[in-house]
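Structural features, examined
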Amino acid sequence: QKEVEQNSGPLSVPEGAIASLNCTYSDRVSQSFFWYRQYSGKSPELIMSIYSNGDKEDGRFTAQLNKASQYVSLLIRDSQPSDSATYLCAVQSGGSYIPTFGRGTSLIVHP
Amino acid sequence: GAGVSQSPSNKVTEKGKDVELRCDPISGHTALYWYRQSLGQGLEFLIYFQGNSAPDKSGLPSDRFSAERTGGSVSTLTIQRTQQEDSAVYLCASSLVLAGSEQYFGPGTRLTVT
């Protein structure tokens, strides 16, 4: 059973701070990793993907992948109240066409 | 360009009725996925298509659920004899290819079975 674990939160950070969201996965042969943002009552929106170990930056977002430790994280710099949402981690193995989604971490950015 | 579209956005139906949900993927995306999300719950995978083919239907909750895709584009998810536990948001996503490709979600269809 492939598992993707996320702390449900809520993670509360002040405006302007760095929010750090973490995700661990069980399948060692996972190859593709995705972060989605889901506002309440809305559908998931892709933030970024990462496929190789290390960091990948896109604007205020940085995804970090460590395959040896089987975790992927998302850093949000200069957090804004508009970043308040649930963040979903998704992992896809090389041998599967079905990504496994975590339950998501609720982030609250307070002014 | 246009994103994934779904219709209807909301559907209220009586228990026992059949419903049909539609998904129009991003043009050129060969892969299409259906998920279900109940209130406060995670995403539940239902089925995926590569082109018009659905190789794995094991995610469908029961034989009341079926799905098809035609012309490598539009997909319909049909729920027969709806039950109250079918109430959820049904999400469609498309991706360029199946393996390791980013998925883009539609706005979803909120289904309420009364």
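Some thoughts on the pattern of salt bridges
- For the structure on display, the rule yields seven salt bridges over all chains.
- A:Arg60 is the partner of A:Asp83 in a salt bridge, and the nearest nitrogen-oxygen pair spans 2.9 Å. Pair noted here: A:Asp83 is in the loop between strand 8 (71-76) and strand 9 (85-93) and A:Arg60 is in the loop between strand 6 (54-58) and strand 7 (61-66), with a separation of 23 residues, a long-range link.
- B:Glu44 is the partner of B:Arg36 in a salt bridge, and the nearest nitrogen-oxygen pair spans 3.0 Å.

Description of the sheet that holds strand 8 of chain A
- Overall, antiparallel pairing links the five strands, which are arranged 1-3-8-7-6 (chain A) in an open sheet. Strand pairing shows two members of the sheet lacking a second neighbour, strand 1 (4-5) and strand 6 of chain A, which therefore form its edges.

Some thoughts on the interface of chain A and chain B
- Taken together, the contact between chain A and chain B spans 16 residues of the former and 21 residues of the latter.
- Here chain A packs against chain B, burying approximately 1,500 Å² in sum over the two surfaces, 59% of which is carbon and sulfur.
- On the chain A side of the interface with chain B, the three residues burying the most area are A:Tyr97, A:Ile98 and A:Arg103, jointly 33% of the side's total.
- In this structure, the connection of chain A to chain B is made through zero salt bridges.

Details of the sheet that holds strand 7 (residues 75-79) of chain B
Residues and elements named next belong to chain B.
- Strand order in the open sheet made by the four strands is 1-3-7-6, with antiparallel pairing throughout. Each of the sheet's edge strands pairs with one partner strand only, and the pair in question is strand 1 (5-7) and strand 6 (65-69). Each strand of the sheet is rotated relative to its neighbour by a mean of 15 degrees, with strand direction disregarded.
- As paired strands, strand 6 and strand 7 are joined by five bridges and run antiparallel to one another. Note that in strand 7 the partner of Glu 68 across the bridge is Thr 76.

Quick look at the state of the cysteines
- One pass over the full model with this rule turns up two disulfides over all chains.
- With its sulfur 2.1 Å from that of its partner, A:Cys23 forms a disulfide with A:Cys89. Disulfide A:Cys23 to A:Cys89: torsion about the S-S bond roughly -70 degrees, handedness left-handed. With A:Cys23 in strand 3 (residues 19-25) and A:Cys89 in strand 9, the pair connects residues that are 66 residues apart, well separated along the chain.
- The class for A:Cys23 is buried, based on a relative accessible area of 0%.
- You can call A:Cys89 buried: its relative accessible area is 0%.
- Note that B:Cys23 is cross-linked by a disulfide to B:Cys92, the S-S spacing being 1.8 Å. Here the S-S torsion is close to -60 degrees, and the disulfide linking B:Cys23 with B:Cys92 is therefore left-handed. On the criterion of sequence distance, the pair formed by B:Cys23 in strand 3 (residues 19-24) and B:Cys92 in strand 8 (residues 88-95) is long-range, its members being 69 residues apart. Both residues of the pair, B:Cys23 and B:Cys92, count as buried.

What counts, and where the lines are drawn
- Residues numbered from 1 in each chain as written.
- Chains lettered and ligands numbered in written order.
- Predicted model: local features only at pLDDT ≥ 70, side-chain atom pairs only at ≥ 80, totals over all residues.
- Heavy atoms only, no water.
- Salt bridge = Lys/Arg side-chain N within 4 Å of Asp/Glu carboxyl O.
- Helix = DSSP H or I, 4+ residues; strand = E, 2+ residues; numbered from the N terminus.
- Pairing = 2+ DSSP bridges.
- Contact = heavy atoms within 4.5 Å.
- Buried area = accessible area lost by both parts, 1.4 Å probe.
- Axes fitted to C-alpha atoms, helices over the stretch in contact; angles between N-to-C directions.
- Disulfide = S-S within 2.5 Å.
- Buried < 20%, exposed > 50% of the residue type's maximum accessible area, 1.4 Å probe, protein only.

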